[in-house]
Amino acid sequence: MDATTSTDIRLREGSSIAQRLVVAGCAAAVALCFTPGLFTQDFLEITISTVALLVGAGFVVGIMMAPAVVWIITADEILIGRQRPFGKLRTRLVGKDEITALQVPGSKRVKARFQLVFTLASGERLTSPPISDVTHVRDTVAWIAAHFDVPNVEAPSNPLDASNPEMHLGEPLEAFPAREIRIVALIAVALSAAPYAYKLWRGLSPSHVDILLLPLGAIAAFAVYRYANLATGAFWIIRPNDIRVERLWGDGSLRADHIAGPDVKTITVERRGRSEDEHCIVVIRLHSGRRFRSPRIGSRVEARAVAREIVRRLGIAPESNKI
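All figures in this text were calculated on a predicted structure; none of them were measured in a lab.

Parameters and conventions
Residues numbered from 1 in each chain as written. Predicted model: local features only at pLDDT ≥ 70, side-chain atom pairs only at ≥ 80, totals over all residues. Heavy atoms only, no water. Pairing = 2+ DSSP bridges. Helix = DSSP H or I, 4+ residues; strand = E, 2+ residues; numbered from the N terminus. Axes fitted to C-alpha atoms, helices over the stretch in contact; angles between N-to-C directions. Contact = heavy atoms within 4.5 Å. 1 Å grid on protein atoms, 1.4 Å probe; cavity = no way out; pocket = protein on both sides within 12 Å on 5 of 7 lines; lining within 4 Å. Points joined across faces, edges and corners; volume = space filled by probe spheres on them. Nonpolar A, V, L, I, M, F, W, Y, C, P; charged D, E, K, R; others polar. Phe/Tyr/Trp six-rings, centres within 6.5 Å; stacked < 30°, edge-to-face > 60°. Buried < 20%, exposed > 50% of the residue type's maximum accessible area, 1.4 Å probe, protein only.

1. Here's the deal with the sheet that holds strand 3 (residues 77–83)
Within a sheet, each strand pairs with its neighbour through backbone hydrogen bonds, oriented either parallel or antiparallel. As summarised here, the arrangement of the four strands in space is 1-2-3-4, forming an open sheet in which the pairing is antiparallel. Here the strands that pair on one side only, and so sit at the sheet edges, are strand 1 (9–13) and strand 4 (90–95). In this sheet, adjacent strand axes meet at a mean angle of 15° when their direction is disregarded. Here strand 1 runs beside strand 2 (residues 68–73); their pairing, made up of five bridges, is antiparallel. Counterpart to arginine 12 in the pairing with strand 2 is valine 70.

2. Structural notes on the sheet that holds strand 14 (residues 291–293)
Strands sit in the order 12-13-14 across an open sheet of three strands; the sheet is antiparallel. Edge positions in the open sheet fall to strand 12 (264–271) and strand 14, since each of these has one partner strand only. Sheet twist, expressed as the average angle between the axes of neighbouring strands with direction ignored, equals 20°. Pairing of strand 12 with strand 13 (residues 280–286) involves seven bridges; the strand directions are antiparallel. In the strand pairing of strand 13, glutamate 270 is matched with isoleucine 281. Against the sheet, helix 6 (residues 300–314) contacts strand 12 and strand 13, and its axis sits at roughly 165° relative to strand 12.

3. Notes on the layout of surface pockets
Estimates place the volume of the second largest pocket at around 270 Å³. Lining of the second largest pocket is provided by 14 residues; of these, Ala234, Arg272, Arg293, Ser294 and Pro295 occupy positions nearest its centre. For the lining of the second largest pocket, the elements supplying multiple residues, two or more each, are strand 10 (242–248) and strand 14. Considering every element that reaches the lining of the second largest pocket, the biggest residue donor is strand 14, with three residues. Among the residues forming the lining of the second largest pocket, the class breakdown is six nonpolar, three polar and five charged.

4. Focus on the environment of valine 137
Along the chain, valine 137 falls in helix 3 (residues 137–148). Along the sequence, valine 137 and aspartate 97 sit 40 residues apart, while their C-alpha atoms lie 23 Å from each other. Dropping the residues within four chain positions of it, valine 137 is found in contact with Phe114, Ile131, Pro156, Asn158 and Asp161.

5. A word on the packing of aromatic side chains
Under the criterion given, the structure shown has three aromatic pairs. Between the aromatic rings of phenylalanine 118 and phenylalanine 148, the centroid separation amounts to 6.2 Å while the plane-to-plane angle is 35°, which identifies the pairing as tilted. Of this pair, phenylalanine 118 sits in strand 6 (residues 117–120) while phenylalanine 148 sits in helix 3, placing them 30 residues apart in sequence. Neither phenylalanine 118 nor phenylalanine 148 differs from the other in exposure class; each is buried. With a centroid separation of 6.3 Å and 45° between ring planes, the pair formed by tyrosine 198 and tryptophan 201 is classed as tilted. Highlighted residues: tyrosine 198 and tryptophan 201, both in helix 4 (residues 178–201), separated by three residues, approximately one helical turn. For tryptophan 201, a relative accessible area of 69% gives the class exposed. Taken together, Trp71, Phe118 and Phe148 form an aromatic cluster joined through their ring pairs.

Any functional reading would require information that these geometric values do not contain.
Shown next, in the form of structure tokens:
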């Protein structure tokens, strides 16, 4: 939500019924895999199967019964709606005169996710769903503070705010210390040689698997030593007219690529992981065929907000915009 162009702010939390059914179905399928253990004579297997089924059932019930929450914040009041699946909609109206303080804490799991925490005159604290437009958090908070006459509201530190001259995605990169890389490489060698050494110590003949592990361990150690720094990911600096993408070479030296608007063939939002609530990213494909995947942003709504700001800053052509 862009507080400068809307008369109210709408915040939502909670998956749709279709999404709940998919997740609950997967949880139920995993739990049902333990069903055969109930028909054995082994007490331990029966216990494990029973616990797994109970946990799975609890997980399914928790997913299906989690409420959907909607906040509508106007210039004078907050309307809170809460509804459980197959239940009645419950509403609550909070006037601005009841609000004495406002805080905007960030999420511990997702760096660029913020919620509004209102303190009422009664001492009660109300926590909103996450702010959907993560690129306009400061504008949203300023709009609320001004209309609700809430003093001393600290502006959140938001690396993805559109008011920043540079938006940052990810963390600045640092190469792994050479000492730590050597230790991990030595551990890989030791683990691969352990079965072979154990057999020799016991006076037994090493098997083909034990012998095969020795070169595999050496290869793993070399890969760790040579390519560990490639696993540090990428750091995006989004500026007007271009994006600087920083990555590390295997030796720890910095590599920087630049993306300009005319270079972009398509820009999309994709899921990278199991959850659409925390694992969505921006993907930019260039006319040259290269593809750049951003660090993890958050939910699909948050990733789309970031993608829209990238489109605006780079002046990406409408036909390239696939978000």
